[in-house]
Amino acid sequence: MSATLFSGRTVLVTGATTGIGFEAARMLAESGATVLLHGRTPEEAQAATDRLIAAAGIDGALLHPLSADFSRLEEVENMAHAVVRNHPLLHALVNNAAMAAPERHTLTADGNEIAFQVNFLAHYLLTNLLEPALTSDPGGRVVNVSSSLHRTGAIQWNDPQRIRRYARLAAYAQSQLALTVFAADPRVTAVSVDPGVCETGLLPLYGHEGAPAAEGAAHVVRLCDPAVEIVNGAYYDRSERVAPAPAATEDRTVKRLNKLADLLVGHTA
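Residues numbered from 1 in each chain as written. Predicted model: local features only at pLDDT ≥ 70, side-chain atom pairs only at ≥ 80, totals over all residues. Heavy atoms only, no water.

Engineer: So what's going on with the packing of helix H1 (residues 19–30) against helix H8 (residues 213–224)? Residues and values would help.
Structural biologist: Where H1 meets H8, the axes come as close as 8 Å, and the angle between the chain directions of the two elements is 55 degrees. Here H8 runs oblique to H1, going by the angle between their axes. The two elements H1 and H8 meet at a crossing, and its hand is right-handed. Packed against H1, whose contacting residues are Gly-19, Ile-20, Glu-23, Ala-24, Arg-26, Met-27 and Leu-28, the element H8 presents Ala-213, Ala-214, Gly-216, Ala-217, Ala-218, Val-220, Val-221 and Cys-224 at the interface. Tallied by class, residues from the contact of H1 with H8 come to 11 nonpolar, two polar and two charged. (Axes fitted to C-alpha atoms, helices over the stretch in contact; angles between N-to-C directions. Helix = DSSP H or I, 4+ residues; strand = E, 2+ residues; numbered from the N terminus. Parallel < 35°, antiparallel > 145°, perpendicular 65-115°, else oblique. Left-handed = near helix turned anticlockwise from the far one by under 90°. Contact = heavy atoms within 4.5 Å. Nonpolar A, V, L, I, M, F, W, Y, C, P; charged D, E, K, R; others polar.)

Engineer: Outline the pattern of salt bridges, supporting the account with residue identities and numerical values.
Structural biologist: Per the counting criterion, the structure on display carries six salt bridges. One salt bridge in this structure joins Arg-238 and Asp-237, with 3.1 Å as the shortest N-O distance. With relative accessibility at 41%, the residue Arg-238 sits in the partly exposed group. You can call Asp-237 partly exposed: its relative accessible area is 26%. (Salt bridge = Lys/Arg side-chain N within 4 Å of Asp/Glu carboxyl O. Buried < 20%, exposed > 50% of the residue type's maximum accessible area, 1.4 Å probe, protein only.)

Engineer: Account for the pairing of strand E5 (residues 141–145), naming residues and giving values.
Structural biologist: Of all five residues in E5, five are buried; the element is thus mostly enclosed. The two faces of E5 match: Arg-141, Val-143 and Val-145 on one face and Val-142 and Asn-144 on the other face are all buried. The pairing of strand E4 (residues 92–95) with E5 spans four bridges and is parallel. Of the residues in E5, the one forming a bridge with Val-94 is Val-143. Where E5 and strand E6 (residues 190–194) come together, four bridges link them in parallel fashion. Each residue of the ladder has a partner; that of Val-145, found in E6, is Val-193. (Pairing = 2+ DSSP bridges.)

Engineer: Describe the pairing of strand E1 (residues 10–13), listing the residues and the values that go with them.
Structural biologist: Put simply, side chains in a regular strand alternate between the two faces of the sheet. The alternating pattern of E1 places Thr-10 and Leu-12 on one face and Val-11 and Val-13 on the opposite face, and all of these are buried. In terms of strand pairing, E1 meets strand E2 (residues 34–39) through four bridges, oriented parallel. Bridge pairing in E2 links Leu-12 to Leu-36. Taken together, E1, H1 and E2 constitute a β-α-β crossover, and its handedness is right-handed. Of the pairings in the sheet, the one linking E1 to E4 comprises three bridges and is parallel in character. The residue bridging Leu-12 from the neighbouring strand is Leu-93, located in E4. (Right-handed = clockwise from strand over helix to strand, strands pointing away.)

Engineer: Explain the sheet that holds E6 to me, and be specific about the residues and the numbers.
Structural biologist: Across the sheet, eight strands lie side by side as E3-E2-E1-E4-E5-E6-E7-E8; this open sheet has mixed pairing. At either margin of the open sheet sits one strand with a lone partner, and together these are strand E3 (63–67) and strand E8 (240–242). The average angle at which neighbouring strand axes cross in this sheet is 25 degrees, direction not considered. Of the strands in this sheet, E1, E2 and E3 touch H1, which is tilted by about 165 degrees from E2.

Engineer: I'd like to hear about the nonpolar core, residue by residue, with values.
Structural biologist: In terms of nonpolar packing, the biggest core is built from 43 residues, with Leu-12, Phe-70, Phe-120, Leu-126 and Leu-130 touching the most fellow members. Mapped onto this core, the elements with two or more residues apiece are helix H3 (73–86), helix H4 (114–129), helix H5 (131–134), helix H6 (168–182) and helix H9 (251–265). The biggest single contributor to this core is H4, with 10 residues. Those residues within four positions of Phe-70 in sequence are excluded, and the remaining contacts are Thr-14, His-38, Val-76, Met-79, Ala-97, Gln-117, Val-118, Ala-122, His-123 and Leu-126. Residues Ala-25, Leu-28, Cys-198 and Ile-230 belong to the second largest nonpolar core, which totals 35 residues. (Core = buried A, V, L, I, M, F, W, Y, C linked by side-chain atoms within 4.5 Å.)

Geometric descriptors of this kind do not, in isolation, establish any biological role.
Here's what the structure looks like:
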């Protein structure tokens, strides 16, 4: 990848302290992008920044650590406001932060099932709050890091918090389906990508062996490249555009999900 490919461009990567997010942040910075590197805590974000400077030899001026615990929507809101204030022109947002749903049903302080909030609702809120920065220049784009497991998911409209019936894989799949459906939202141009099974913290959900995280990150970074034309709502299996689950392309589902998400994050569109 050329050292100047992303020169002058600013990209925010969520969940950038490990795995695919960390490798994507590295590749983007090596290509000249200013990278806003999100971690759950200020310490984690700073440690990842220091690691990129020390191990990858990246110019520290290109890296800006940010923090927000996605299980607390107020922290997501504070981070978004800080980004809009300090980086009014954002060229790309990579919604990558994710967690495996826990064995036991867990609600956040905001009252949402934790995987649904961390994997989807926090990104929904963040993307909407960053809309002014993403659309201040034509061509701003969002890349949602999704999963093939979204195909097995169903959004429980009457019980999105899965209080009545909880299974961790079903909860995780619901969060990934919601993230994939959200890419078809007309407010900001967005795509979803399944980076393939990689050696990350989520590997146990998929099996025992995965490709290096850098391999998955390369598919994510490619979609951030302004030279790669994208269609809003498109879904990629690594580098190939394929059809997502049918629900992800239904206008009715997109509108219904936005309505539900607005309600759950306490915002009105």
